[in-house]
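The residues making up each chain are set out below.
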Amino acid sequence: MKRIFSGAQPTGNVHLGNYLGALRNWVALQRDYESFFCIVNLHAITAPQDPKMVAAKTRELARIYLAVGIDPNVSTVFVQSDVPAHAELTWLLNCVARVSELERMTQYKDKVRKHEENVSVGVFDYPVLMAADILLYQTDLVPVGEDQKQHLELTRDIAIRFNRDYGQTFVVPDPFIPKVGARIMSLADPAKKMSKSDEESEAGCIMLLDNDEAVRRKFKRAVTDSGTEIKFDESRPAINNLLTIYHLLTNKTPAEIEEQFKGKGYAALKQELADVCIEFLKPIQERIRSIDDDKLSQILEQGAERAEAIAQLTLNHAKKGLGLIGARS
Ligand code: ATP
Ligand code: LTN
């Protein structure tokens, strides 16, 4: 069976963009692949976090994985820092990745532009840690949103270079970026992606934990384009984004949706979207509350054990390739 690996950071709250771009596909693919879903807390601390909150956020994200439909009997769910091989392989890959490659990463460049003096070395090295995550599990496919494409290309380049210089060690992974939903835009500013780390755009971000009133308010205030027609049209990004969300939440085809809203105004679409979204979130929120705390600990413990066993094999192989094993005897 081929493998998939993916992860999300336990920072802020999970939003509809994370779900439609990534988590939804993890759930859809988990039975066709041997699946690993990681809560990447080492990535989270590349930006300052309140230490008192890190463990709670990590467990909350694990609950969300389960609540949206990741089945721990089928998939391995674990916390990144529970498997030390991630940090160890990162060091080895640091010696293969080039500074010039990391300097080209757009996410890194954005952070430097915004915070200049306050960007940690961790932010710079973030893509190498991500490469280690993926390569440790001999991953074939990585389901992610569009914003991770460049990181995936770097992961492939690092794997190819390592294999060439130190012997065949890693599977070279392919990204899985969905045709629709890979880049859900902010409801407040359709030129920006929906993002939890963007402080100004709370109003444009539907959180999986939002209550009914918040969902209604955010859709109601969503920015729209000029014109009145309700049609899928990439040159009208705001309405296109709302229709894409509606399409993914209802599974209705674009033609059906356009027919449904023919002659109706934006207000009708926004109201219908809010209704559908509230109905979609309700069972997820109920499941989040109902997951037993001890059961969650057990899932994460088992997950870490399963992940560790596989990660260790790859790490040893990489260390042998580099000549790091065998000096003692
Ligand atoms: P954010 O910008 O909200 O902090 P992130 O990409 O830093 O998002 P993660 O929680 O680590 O945060 O992302 C989990 C997954 O969600 C990734 O695969 C990412 O590509 C995807 N994703 C994030 N934002 C969107 C979006 N607006 N549309 C589609 N997919 C998204
Ligand atoms: N950078 C990713 C999170 C992430 C990830 C991974 C995704 C860390 N390691 C490995 C896929 C595979 C993000 O979405 N912000």
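Q: Can you break down unusual backbone geometry residue by residue, with the values?
A: For Gln138, which is not glycine, the phi torsion reads 50 degrees and is therefore positive. You can see Gln138 is positioned in the loop between helix 7 (121–136) and strand 4 (141–143). A positive phi angle, close to 65 degrees, is found at Asn251, a residue other than glycine. Mapped onto the secondary structure, Asn251 falls in the loop between helix 10 (237–250) and helix 11 (254–260).

Q: Quick rundown of the side chain of Ser195? Include the residues and the values.
A: Here Ser195 shows up in the loop between strand 5 (174–176) and helix 9 (212–220). Among all residues touching Ser195, those that are not within four sequence positions of it are His15, Ser201 and Cys205.

Q: Tell me what's going on with the nonpolar core, and back it up with residues and numbers.
A: If you look at the biggest cluster of nonpolar residues, it comprises 58 residues, and the most contacted ones within it are Leu16, Tyr65, Ile206 and Phe219. Those elements that provide at least two residues to this core are helix 1 (16–29), strand 2 (34–39), helix 3 (51–68), strand 3 (75–79), helix 9, helix 10, helix 12 (266–290) and helix 13 (293–322). With 11 residues, helix 12 is the largest single contributor of residues to this core. Those residues in contact with Ile206 that sit more than four places away from it in its chain are Val14, His15, Leu16, Leu187, Met194, Val215, Lys218, Phe219, Cys277 and Leu281. Residues Ala131, Ala132, Ile134 and Leu315 belong to the second largest nonpolar core, which totals 39 residues.

Q: Could you give me a rundown of the environment of Gln312, with the residues and numbers involved?
A: Note that Gln312 resides in helix 13. Considering only alpha carbons, one finds Gln312 and Ala47, 265 residues apart in sequence, at a separation of 28 Å.

Q: Account for the site of ligand 1, naming residues and giving values.
A: The full set close to ligand 1 counts 20 residues, and His15, Asp147, Ser195, Lys196 and Ser197 are the nearest of them. Backbone polar atom of Gly17 to a nitrogen atom of ligand 1: 3.1 Å apart, as the coordinates give it. Within the backbone of Met194, an N or O atom sits 2.9 Å from a nitrogen atom of ligand 1. Coverage of ligand 1 by the protein amounts to 94% of the 600 Å² it exposes when considered alone. With four residues, helix 1 is the largest single contributor of residues to the shell around ligand 1.

Q: Can you explain the environment of Glu117? Please cite residues and give values.
A: Within the fold, Glu117 resides in the loop between helix 6 (106–115) and helix 7. Each C-alpha atom of the pair Glu117 and Ala8 lies 26 Å from the other, and the pair is 109 residues apart in sequence.

Definitions and limits used
Residues numbered from 1 in each chain as written. Chains lettered and ligands numbered in written order. Predicted model: local features only at pLDDT ≥ 70, side-chain atom pairs only at ≥ 80, totals over all residues. Heavy atoms only, no water. Helix = DSSP H or I, 4+ residues; strand = E, 2+ residues; numbered from the N terminus. Contact = heavy atoms within 4.5 Å. Core = buried A, V, L, I, M, F, W, Y, C linked by side-chain atoms within 4.5 Å. Buried < 20%, exposed > 50% of the residue type's maximum accessible area, 1.4 Å probe, protein only. Near = heavy atom within 4 Å. Polar contact = N/O pair within 3.5 Å; in protein donor to acceptor, adjacent residues only side chain to side chain. Areas by Shrake-Rupley, 256 points an atom, 1.4 Å probe, with all protein chains shown as cover.

These figures come from the coordinates and say nothing about function on their own.
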